[in-house]
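Summary of structural features
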Amino acid sequence: MLLVDDSLNSGASLKASLARIPADCPCEIMTCVIYANPGVTNEVDLALVELEHPRAFQWNLFHHPALEDACVDIDGVLCLDPSPEDNDDGPRYRRFLLEATPLHLPTYRVHSLVTNRLEKYRPETEAWLARHGVTYERLIMLDLPSKEARLKLGCHASHKAGYYRESGCRLFIESEVGQASSIAQMTGKPVYCVDAQQMVNPEWLAMLKLQRGKWMTRQCKRGIRRVMKLLPASWERQARGVFQRVA
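This is a predicted model, so every value here is computed, not measured.

The subject of this paragraph is the sheet that holds strand 1 (residues 2-8). An order of 1-2-3 is seen for the three strands of this open sheet, with the pairing classed as parallel. Whereas interior strands pair on both sides, the edge strands pair on one side only; in this sheet they are strand 1 and strand 3 (46-50). Here the strands of the sheet are splayed against their neighbours by 10° on average, with no regard to which way each runs. Across the sheet, helix 1 (residues 12-19) lies against strand 1 and strand 2 (30-36), angled at about 160° from strand 1, the strand it touches most.

The next subject is the sheet that holds strand 8 (residues 191-193). Spatially, 6-5-4-7-8-9 is the arrangement adopted by the six strands of the open sheet, whose pairing is mixed. Each edge of the sheet is formed by a strand with only one pairing partner; in this case those strands are strand 6 (136-142) and strand 9 (198-200). Sheet twist, expressed as the average angle between the axes of neighbouring strands with direction ignored, equals 25°. For strand 4 (residues 70-72) and strand 7 (residues 171-174), the ladder comprises three bridges, and the chain directions are parallel. Looking across to strand 7, one finds that V72 is bridged to I173. Along the sheet, helix 5 (residues 156-167) makes contact with strand 4, strand 5 (110-118), strand 6, strand 7 and strand 8, crossing strand 5 at roughly 160°. Against the sheet, helix 6 (residues 177-187) engages strand 5, strand 7, strand 8 and strand 9, with an angle of about 170° to strand 8.

This next bit is on the pattern of salt bridges. The final tally for this structure, using the stated rule, is eleven salt bridges. Here R170 ties to D69 by a salt bridge, and the two come within 3.0 Å at their closest N and O atoms. One end of the pair, R170, is in the loop between helix 5 and strand 7; the other, D69, is in the loop between strand 3 and strand 4, with 101 residues separating them in the sequence. Judged by its relative accessible area of 25%, D69 is partly exposed. Notably, a salt bridge pairs E126 with R122, separated by 3.5 Å at the nearest N-O pair. Here R122 and E126 lie together in helix 3 (residues 122-131), a separation of four residues that amounts to about one turn. Taken together, the shared-partner salt bridges in this structure form one network comprising D73, K160 and E174.

By size, the foremost hydrophobic cluster in this structure holds 29 residues, and its most contacted members are V72, L78, L113, L129 and I173. The set of elements that each furnish at least two residues to this core consists of strand 4, helix 2 (91-99), strand 5, helix 3, strand 6 and strand 7. Here this core gets four residues from one element, more than from any other, and that element is strand 6. Those residues within four positions of L78 in sequence are excluded, and the remaining contacts are V72, D73, P102, L103, H104, L105, P106, L113, W128, L129 and V134. Among the nonpolar cores identified, the runner-up in size contains 15 residues, and V114, A157, A161 and Y164 belong to it.

Turning to its location among the elements, A196 is positioned in the loop between strand 8 and strand 9. Taking the relative accessible area as the measure of exposure, A196 reaches 39% and is therefore partly exposed. Spatially, the C-alpha atoms of A196 and E174 are 10.0 Å apart, while their sequence positions differ by 22 residues.

Glancing now at the packing of aromatic side chains. Applying the stated rule across the entire model yields five aromatic pairs. Aromatic pair Y93 and F96: ring centres 6.0 Å apart, planes at 20°, arrangement stacked. You can see Y93 and its partner F96 sitting in helix 2, three residues apart, about one turn around the helix. For the pair Y93 and F96, one class covers both residues: buried. By the ring-pair criterion, three or more aromatic residues cluster together here, those being Y35, F57 and W59.

Attention now moves to the packing of helix 2 against helix 3. At their nearest, the axes of helix 2 and helix 3 sit 7 Å apart, and the two run at 25° to each other. As far as their axial angle goes, helix 3 and helix 2 are roughly parallel. The segment helix 2 lies against helix 3, with R94, L97, L98 and E99 engaging E124, A127, W128 and R131.

Our focus in this paragraph is the environment of D143. Assignment of secondary structure puts D143 in the loop between strand 6 and helix 4 (147-153). Between the alpha carbons of D143 and R117 there is a distance of 8.7 Å; along the sequence they are 26 residues apart.

Parameters at a glance
- Residues numbered from 1 in each chain as written.
- Predicted model: local features only at pLDDT ≥ 70, side-chain atom pairs only at ≥ 80, totals over all residues.
- Heavy atoms only, no water.
- Pairing = 2+ DSSP bridges.
- Helix = DSSP H or I, 4+ residues; strand = E, 2+ residues; numbered from the N terminus.
- Axes fitted to C-alpha atoms, helices over the stretch in contact; angles between N-to-C directions.
- Contact = heavy atoms within 4.5 Å.
- Salt bridge = Lys/Arg side-chain N within 4 Å of Asp/Glu carboxyl O.
- Buried < 20%, exposed > 50% of the residue type's maximum accessible area, 1.4 Å probe, protein only.
- Core = buried A, V, L, I, M, F, W, Y, C linked by side-chain atoms within 4.5 Å.
- Phe/Tyr/Trp six-rings, centres within 6.5 Å; stacked < 30°, edge-to-face > 60°.
- Parallel < 35°, antiparallel > 145°, perpendicular 65-115°, else oblique.

So, in structure tokens, the structure goes:
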């Protein structure tokens with residue numbers, strides 16, 4: 001029998017599982033974990049990956065103590081985003097705020113909820129959070145008079161990045177890829193993007209930029225080769241020689 005667990009920290013949960021197997025079980029029992037602390041791999045027969053702390057996994061990020069040191073967005077993270085029809089900055093939007101469908105509800109206390117919702121909607125937002133058992137230290141909202149003013153100012157990412165930078169928190173959880181990239185770039189700190197299921201950090205952005213640069217170079221070379229094929233044979237040979245020396 002092979003007993004598999006996702007991770008091994010102290011080994012307590014694995015030992016508890018082994019203890020539930022009857023002592024007279026005739027099976028030969030082997031244990032396996034996907035991720036293990038380097039110092040406790042001797043507690044298991046097979047560990048696939050050694051991974052030190054601090055760590056959090058995709059499947060338990062919203063049930064992890066890391067939330068106590070994190071900033072978390074609301075729309076697209078804790079609940080579904082409003083539809084264009086519901087996002088009217090009026091009665092329909094207020095109803096949405098009270099009845100929004102939950103998406104990822106954290107089971108640990110969050111350091112700060114940081115949202116681009118307007119300050120005037122704080123009562124509805126607090127009521128929804130209380131109803132769904134979301135606990136937090138701070139609720140940071142955007143102090144602007146209207147949706148129109150928010151769109152005109154265009155501070156969606158900078159509002160979140162400004163607070164994240166000064167908060168001392170070590171992680172931001174954001175829904176939208178573009179905002180996640182902007183927040184990481186503005187702060188130099190990691191951002192977990194829910195939509196992409198990707199940890200965005202400055203190193204990741206630099207790698208992405210490098211890959212885009214390589215893609216552009218390849219596209220340019222392909223375009224030049226196509227143009228050379230349209231030239232007369234003698235011109236094509238000369239052009240190809242120049243291209244090879246330059247490229």
